[in-house]
Amino acid sequence: MSRPVIGISTYQDPARWGVWEMPAVLLPAAYPRLVRAAGGLAVLLPPDDAEDAAGDTVAALDGLVIAGGADVEPARYGAAADPRTGPPARERDAWEMALIRAAIDRQVPLLGICRGMQLLNVALGGTLIQHLEDHTGGLGVFGSHPVTPVAGTAYADAVPETTMVPAYHHQAVDRLGAGLVASAHAPDGTVEALELPDHGSLVLGVQWHPEMAQDTRVMAALVRAAGERAAPAPRTPGPSSRAPRTPVN
């Protein structure tokens, strides 16, 4: 069986290589490495026309990852910007929200990572805490803290024990979006994972960065769900299309 195709959303920022400096589609290499380690085939999804392209893009995938990155624009959940909230990435917000909605509508397995989890919450009507302390290791340094699963959730099925995770975020989920449930917490009560139960496919968000660790279980859960969706349905035996043989006397 071929590997499930997992699309990963990307940054779109200026970059420099050789003598060139121009807008580029960017993604830390740790994301596709994690997809490959979990058994998937990674493809990158640069920002596109949110209205016209998201549905066709998701239809070509077996699973979707919304990657980490910039703060979600507070206007998308009806809030004024805190002075500590970063500058908006409006094109990326619009594109990734369209991808999330298309994946949910088409029951394509979805994993949101850090910003991706926050955007999933906002796409379903939730809100965010715009600033909290002690969920990084300092400027440009990943922190580490324990995450405890909620029993009976899809996340707990994948990772049943408390684990130490790499984290780098200063925003977090506040009010949960419609239908979402919290499926893991940090010691300070921060929602560290959420999911959409009884949906028909895996819809999961994690607040930390699994691509920065060796544990592949979160991504493996997505790849497994994507593989189940992509697998061809078993053929049901039916009546023969051949005409009945006429007995010869």
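The rules behind the values
Residues numbered from 1 in each chain as written. Predicted model: local features only at pLDDT ≥ 70, side-chain atom pairs only at ≥ 80, totals over all residues. Heavy atoms only, no water. Pairing = 2+ DSSP bridges. Helix = DSSP H or I, 4+ residues; strand = E, 2+ residues; numbered from the N terminus. Axes fitted to C-alpha atoms, helices over the stretch in contact; angles between N-to-C directions. Contact = heavy atoms within 4.5 Å. Buried < 20%, exposed > 50% of the residue type's maximum accessible area, 1.4 Å probe, protein only. Lys, Arg positive; Asp, Glu negative; His and termini not counted. Salt bridge = Lys/Arg side-chain N within 4 Å of Asp/Glu carboxyl O.

Undergrad: Describe the sheet that holds strand β5 (residues 63–66), with residues and values.
TA: Read across the sheet, nine strands follow the order β4-β1-β5-β6-β13-β12-β11-β8-β9 without closing on themselves; strand pairing throughout is mixed. In this open sheet, the two strands that pair with only one neighbour each are β4 (41–45) and β9 (163–167). Each adjacent strand pair in this sheet contributes to an overall mean axis angle of 30°, direction not counted. Sheet strands touched by helix α3 (residues 90–106): β1 (5–9), β4, β5, β6 (110–113) and β13 (203–206). Its angle to β5, the strand with the most contacts, is close to 150°.

Undergrad: So what's going on with the pairing of β9? Which residues, and what values?
TA: Burial of β9 is extensive: four of the five residues sit out of reach of the surface. Pairing between strand β8 (residues 143–149) and β9: five bridges, direction antiparallel. When the sheet's bridge partners are listed, Pro146 is paired in β9 with Met164.

Undergrad: Would you mind going over helix α1 (residues 30–37) in detail, with residue names and values included?
TA: Structural remark: α-helix, 3.6 residues per turn; residues separated by three or four positions point the same way. When α1 is considered as a whole, its buried residues turn out to be Ala30, Tyr31, Pro32, Leu34 and Val35. Trailing α1 by a residue or two, Gly39 shows a phi angle of about 100°, which is positive.

Undergrad: Go over the side chain of Glu192, please, and point to the residues and values.
TA: Looking at the element boundaries, Glu192 is found in strand β12 (residues 191–195). The side chain of Glu192 is buried and forms no salt bridge, while Arg217, the nearest opposite charge, is found at 14 Å. In this view, Glu192 contacts Met117, His135, His145, Val147, His169, Ala184, His185, Ala186, Gly205, Val206, Gln207 and Trp208; residues no more than four positions away in its chain are not counted.

Undergrad: Before we move on, can you summarise the pattern of salt bridges with the specific residues and values?
TA: Applying the stated criterion to the full structure yields eight salt bridges. Of the charged contacts in the structure, one is a salt bridge between Glu96 and Arg92, with a shortest N-O distance of 2.6 Å. Of the two residues, Glu96 and Arg92 are both situated in helix α3; the distance of four residues between them amounts to about one turn of the helix. An identical accessibility class is assigned to Glu96 and Arg92; each is buried. As a salt-bridge pair, Glu161 and Arg217 come within 2.8 Å of each other at their nearest N and O atoms. Of the two residues, Glu161 sits in the loop between α5 (154–158) and β9 while Arg217 sits in helix α6 (residues 217–230), which places them 56 residues apart along the sequence. With a relative accessible area of 34%, Glu161 lands in the partly exposed category. Its relative accessible area of 28% is what places Arg217 among the partly exposed residues. Salt bridges sharing common partners tie together Arg76, Arg92, Asp93, Glu96 and Arg115.

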